[in-house]
Amino acid sequence: MSSTPTNPIARTVASTQSEMTEIILPNDTNTMGSLLGGRLMHFIDLTGAMAAYRHSRTNVVTAAMDHIDFIRPVHLGDLLTLKSSVNRAFSTSMEVGVKVWAENTRTGSFVHVASAYLVFVALDNQGRRQRVPELIPETPNEIRRYEDALRRREHREAESVRRREEARMATAALEGAQGS
Ligand SMILES: CC(C)(COP(=O)(O)OP(=O)(O)OC[C@H]1O[C@@H](n2cnc3c(N)ncnc32)[C@H](O)[C@@H]1OP(=O)(O)O)[C@@H](O)C(=O)NCCC(=O)NCCS
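The following paragraphs examine the structure supplied in this document. (Residues numbered from 1 in each chain as written. Predicted model: local features only at pLDDT ≥ 70, side-chain atom pairs only at ≥ 80, totals over all residues.)

Across the eleven residues that make up strand S4 (residues 79-89), a large majority, eight, are buried. Two elements, strand S2 (residues 18-23) and S4, share six bridges in a ladder whose sense is antiparallel. What sits directly across from Glu-19, in S4, is Lys-83. Where S4 meets strand S5 (residues 93-103), ten bridges bridge the pair, whose relative direction is antiparallel. Each residue of the ladder has a partner; that of Val-86, found in S5, is Val-96. In this antiparallel pair of consecutive strands, S4 and S5, the connection spans three residues. (Buried ≥ 20, exposed ≤ 12 C-beta atoms within 10 Å, placed from the backbone. Helix = DSSP H or I, 4+ residues; strand = E, 2+ residues; numbered from the N terminus. Pairing = 2+ DSSP bridges.)

Given below as structure tokens:
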């Protein structure tokens, strides 16, 4: 069966690239005039979702946001630029990388302030998980990110197993203490 333009078998990383720019206003900042971490995470989530939508062309939900480095503070009045693209598509999930820069509007300085990896899962209109197209990495950087994404997925899965085992042991210990 041939693919349609809205549901191809594969898409390039370039076709998922997304960008958002925000001006940092008083509502976004803490008492020292620096951007709140939670607000930055919100912007990261939105920009990440844009890349995931462009890849899957369906509904997506955030399954995980991991490995966020807050490298430098962002100040009131700065222009925040966020760029995202899909690093790798799996079966129903996609890893997206988001990189964030802050621009001082007076001096013009433009610095990298944060990076994050997120996992989005594609869902159909009934909320069932939906397969996503394959991702084609083309440039050396895209290929490196593609390979790294698999390592991070394996690490996430191992961590998830470890956390479940810890929770199981904690429950068993609690039940044992209550029973004694
Ligand atoms: C994300 C969600 C759809 C996964 O559903 P699930 O039934 O647990 O799905 P599964 O365990 O079968 O995994 C489905 C896919 O999601 C991935 N996934 C699930 N949980 C994950 C996690 N915590 N981190 C990374 N990937 C995850 C799996 O690896 C799998 O990927 P694949 O199909 O590409 O191999 C479900 O947990 C959910 O709806 N969570 C709430 C999402 C949400 O509301 N987000 C906004 C929060 S503020």
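With that out of the way, let us pick up the pairing of strand S6 (residues 110-123). Sheet analysis places strand S3 (residues 59-70) next to S6, joined by nine bridges and oriented antiparallel. Across the sheet, the residue bridging to Asn-59 is Leu-123, located in S6. Counting the residues in the hairpin turn of S5 and S6 gives six residues, including Gly-108, whose phi is positive at 80°.

Below, the discussion takes up the sheet that holds S5. What the five strands build is an open sheet, ordered S2-S4-S5-S6-S3; its pairing is antiparallel. The open sheet has two edge strands, S2 and S3, and neither has a second partner. On average, each strand axis in the sheet is tilted by 25° relative to the strand beside it, whichever way the strands run. Each of S2, S3, S4, S5 and S6 touches helix H1 (residues 37-56); the most contacted strand, S4, lies at about 45° to it. Against the sheet, helix H2 (residues 140-179) makes contact with S3, S4, S5 and S6, and its axis sits at roughly 80° relative to S4, the strand it touches most. (Axes fitted to C-alpha atoms, helices over the stretch in contact; angles between N-to-C directions. Contact = placed C-beta atoms within 7 Å.)

A separate point is H1. Residue pairs three or four apart in sequence face the same way in an α-helix, which turns once every 3.6 residues. In a regular helix each residue adds 1.5 Å, so 20 residues correspond to 28 Å; H1 covers 28 Å between its end C-alpha atoms and thus fits that length. Within two residues after H1, Arg-57 carries a phi angle of roughly 55°, on the positive side. (Expected span 1.5 Å × (residues − 1).)

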